[in-house]
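Chain by chain, the residues run as shown.
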Amino acid sequence: MGLLDGRVAIVTGAGHGIGRGHALELAKEGATVLVNDLGTSLKGEGQGRDADLTVNLIRERGGTAEANYEDVADFEGAGRMVAQAVDSFGRLDILVNNAGIARDATIWGMGESDWDSVIRVHLKGTFAPTHHAVSHWRALSKAGQDVSTGRIVNTTSGAGLVGNFGQANYTAAKAGIAAFTMTVSLEVFSMGVTCNAIGPAGATRMAASIPGAGIEAREPDEFEEWDPMDPSLSSPVVAWLASDKAAHVTGQVIRAVKDEIVLMQPWSNGPTIRKAGRRWEAKELTALMNADVFGSRAPGLRY
Ligand SMILES: NC(=O)c1ccc[n+]([C@@H]2O[C@H](COP(=O)([O-])OP(=O)(O)OC[C@H]3O[C@@H](n4cnc5c(N)ncnc54)[C@H](O)[C@@H]3O)[C@@H](O)[C@H]2O)c1
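Computed from a predicted structure; not experimentally measured.

**Regarding the site of the ligand**
Next up, step 1: Close to the ligand lie 30 residues; D37, N98, Y170, T204 and R205 are nearest.
Next up, step 2: Between the ligand and D37 there is a distance of 2.5 Å, counted from an oxygen atom to a side-chain nitrogen or oxygen.
Next up, step 3: Measuring from a nitrogen atom of the ligand, one finds a side-chain N or O atom of D71 at 2.8 Å.
Next up, step 4: Within the complex, the protein chains bury 95% of what would otherwise be the 830 Å² of accessible surface of the ligand.
Next up, step 5: If you list the elements that add at least two residues to the shell around the ligand, you get α1 (17-28), α4 (112-142), α6 (168-188) and α7 (205-208).
Next up, step 6: At three residues, the largest contribution of residues to the shell around the ligand is made by α7.
Next up, step 7: Taken together, the residues that form the shell around the ligand break down as eleven nonpolar, 14 polar and five charged.

Structure, rendered in structure tokens:
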């Protein structure tokens, strides 16, 4: 008995890396998987049939899977992807938005296409599949069908939650995905559908591209024993979130890195000063901000 027997899942960007780990894990737990991958380079260039690699691995292990080669940030293509899952397997329960690219540069060296392409693949590439999956569930729900097996798991990143030098495009997209997750969780709540985000990690080509990190890119199926760099270490959290066991968990951001699972706290109010219904004068703020808001903390120096 798997946690996901009878469920149908889409995992985007699942030809390699972290997405491949999720697809293998969901299949191991009994789900049928539509393995999406456009087959691009790390920078988002080119196309290929990389989804087939993961489909073959799932089939070799006795699971059921099919490939999909759409660009997740193509609105119509994302619609075709959702339709393929429903047409091929008769239903859709789980959407894991994982596909991503990186074009790291400092803000002064970041060109317009670096910004546009990273925001497009991560942010629109999360919006478009989610829009089509939720529209599908909403139509069924309106027709009286129970869709409370519906699960969305998005992919943010530690860097997106605290910032990271040289990744303004990527971190803006990943922070956006965390906010998107919270909003969508509210909108799908009444159908019993959940929407959460994970912050994964692992020695993928994306991690290996970080200058000076000394990381060698490896696929999750190349690890035979526990290893802190295994890109599939967050996959059990994804499978759990996708199951009945996590029906009560929604709107959450959970990082799963190495041997830790960390519930991230959302933005919350910090030290506050108030001036009884009157406007602040800029000149009076220096003393007040330093003493009562920042206290001993030096603003801007967080590390
Ligand atoms: N590797 C890490 O340490 C790390 C840390 C935090 C978050 N993440 C996130 O995890 C996710 C997976 O990253 P990874 O490290 O496995 O990278 P990866 O480059 O190994 O895999 C990403 C996959 O997405 C596919 N893809 C790219 N653009 C696509 C598109 N438009 N449509 C469909 N598929 C597309 C690629 O072909 C590739 O197979 C990303 O969202 C990434 O931002 C990774």
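**Description of α4**
Next up, step 1: Look at α4: 42 Å from first C-alpha to last across 31 residues, which is about the 45 Å you get at 1.5 Å a residue.
Next up, step 2: K124 marks the point of greatest bend in α4, at about 35°.
Next up, step 3: G144 lies just past α4 and shows a positive phi near 95°.

**Quick look at the side chain of S185**
Next up, step 1: By secondary structure assignment, the location of S185 is in helix α6.
Next up, step 2: Judged by its relative accessible area of 5%, S185 is buried.
Next up, step 3: Polar contacts involving the side chain of S185 include one to the main-chain carbonyl oxygen of M182, which spans 2.7 Å.

**Quick word on empty space enclosed by the protein**
Next up, step 1: Throughout the structure, instances matching the rule amount to one cavity of 30 Å³ or more.
Next up, step 2: Taken as a whole, the largest cavity holds about 40 Å³ of empty space.
Next up, step 3: Lining the largest cavity are T12, V72, N97, N98, A99, H122, G125, T126, T155, K174 and I177.
Next up, step 4: Here the lining of the largest cavity takes three residues from α4, the largest share from any one element.
Next up, step 5: Looking at the lining of the largest cavity, its residues break down into three nonpolar, seven polar and one charged.

**Some words on the packing of aromatic side chains**
Next up, step 1: By the definition in use, this model includes one aromatic pair.
Next up, step 2: The ring centre of Y69 lies 3.9 Å from the NZ or CZ of R49, which sits over that ring.
Next up, step 3: When the ring centre of F223 is taken as reference, the NZ or CZ atom of R218 above it lies at 3.9 Å.

**Thoughts on the sheet that holds strand β4 (residues 94-96)**
Next up, step 1: Pairing is mixed across the open sheet formed by eight strands, whose spatial order is β3-β2-β1-β4-β5-β6-β7-β8. Edge positions in the open sheet fall to β3 (65-68) and β8 (260-263), since each of these has one partner strand only. Strand-to-strand twist across the sheet, computed as the mean angle between neighbouring axes with direction ignored, equals 20°.
Next up, step 2: Pairing between strand β7 (residues 253-257) and β8: four bridges, direction antiparallel. Counterpart to I254 in the pairing with β8 is L263.
Next up, step 3: Packed onto the sheet, α4 meets β4 and β5 (151-155) and runs at close to 175° relative to β5.

**Focus: the side chain of E29**
Next up, step 1: Mapped onto the elements of the fold, E29 is located in the loop between α1 and β2 (32-36).
Next up, step 2: Despite being buried, E29 has no salt bridge partner; K28 is the closest side chain of opposite charge, sitting 4.9 Å away.
Next up, step 3: Looking at E29, its side chain comes within polar contact range of the main-chain nitrogen of L3, at 2.8 Å.
Next up, step 4: Contacts of E29, omitting those with residues within four sequence positions, involve G2, L3, L4, D5 and A239.

**Structural notes on the environment of E187**
Next up, step 1: Mapped onto the elements, E187 comes out in helix α6.
Next up, step 2: On the accessibility criterion, E187 (59% relative accessible area) is exposed.
Next up, step 3: Sequence spacing of E187 and R218 is 31 residues, and the spatial spacing of their C-alpha atoms is 38 Å.

**As for the pattern of salt bridges**
Next up, step 1: Under the counting rule described, the total for this entry stands at ten salt bridges.
Next up, step 2: For the salt bridge of D221 with R20, the shortest nitrogen-to-oxygen distance reads 2.9 Å. Here D221 is found in the loop between α7 and α8 (235-241), whereas its partner R20 is found in helix α1, with 201 residues between them in sequence.
Next up, step 3: Bridged by salt links that share partners, the residues R20, E219 and D221 form one connected network.

**Some words on the pairing of β2**
Residues in a regular strand point their side chains to alternate faces of the sheet.
Next up, step 1: By the criterion of burial, β2 is predominantly enclosed, with five of the five residues buried.
Next up, step 2: Alternating positions in β2 separate into two faces, T32, L34 and N36 on one and V33 and V35 on the other, with burial throughout.
Next up, step 3: In the sheet, strand β1 (residues 8-11) pairs with β2 via four bridges, with the strands oriented parallel. The residue of β2 that forms the bridge with A9 is V33.
Next up, step 4: Two strands pair when backbone bridges link them, and β2 and β3 are joined in this way by four bridges, in the parallel orientation. In the strand pairing of β3, N36 is matched with N68.
Next up, step 5: On the question of chirality, the crossover connecting β2 to the parallel β3 by way of helix α2 (residues 51-60) is right-handed.

Reading the values: rules and limits
- Residues numbered from 1 in each chain as written.
- Predicted model: local features only at pLDDT ≥ 70, side-chain atom pairs only at ≥ 80, totals over all residues.
- Heavy atoms only, no water.
- Near = heavy atom within 4 Å.
- Polar contact = N/O pair within 3.5 Å; in protein donor to acceptor, adjacent residues only side chain to side chain.
- Areas by Shrake-Rupley, 256 points an atom, 1.4 Å probe, with all protein chains shown as cover.
- Helix = DSSP H or I, 4+ residues; strand = E, 2+ residues; numbered from the N terminus.
- Nonpolar A, V, L, I, M, F, W, Y, C, P; charged D, E, K, R; others polar.
- Expected span 1.5 Å × (residues − 1).
- Bend = angle between axes of the 7 residues up to and from the residue.
- Buried < 20%, exposed > 50% of the residue type's maximum accessible area, 1.4 Å probe, protein only.
- 1 Å grid on protein atoms, 1.4 Å probe; cavity = no way out; pocket = protein on both sides within 12 Å on 5 of 7 lines; lining within 4 Å.
- Points joined across faces, edges and corners; volume = space filled by probe spheres on them.
- Phe/Tyr/Trp six-rings, centres within 6.5 Å; stacked < 30°, edge-to-face > 60°.
- Lys NZ or Arg CZ within 6 Å of the ring centre and 35° of its normal.
- Pairing = 2+ DSSP bridges.
- Axes fitted to C-alpha atoms, helices over the stretch in contact; angles between N-to-C directions.
- Contact = heavy atoms within 4.5 Å.
- Lys, Arg positive; Asp, Glu negative; His and termini not counted.
- Salt bridge = Lys/Arg side-chain N within 4 Å of Asp/Glu carboxyl O.
- Right-handed = clockwise from strand over helix to strand, strands pointing away.

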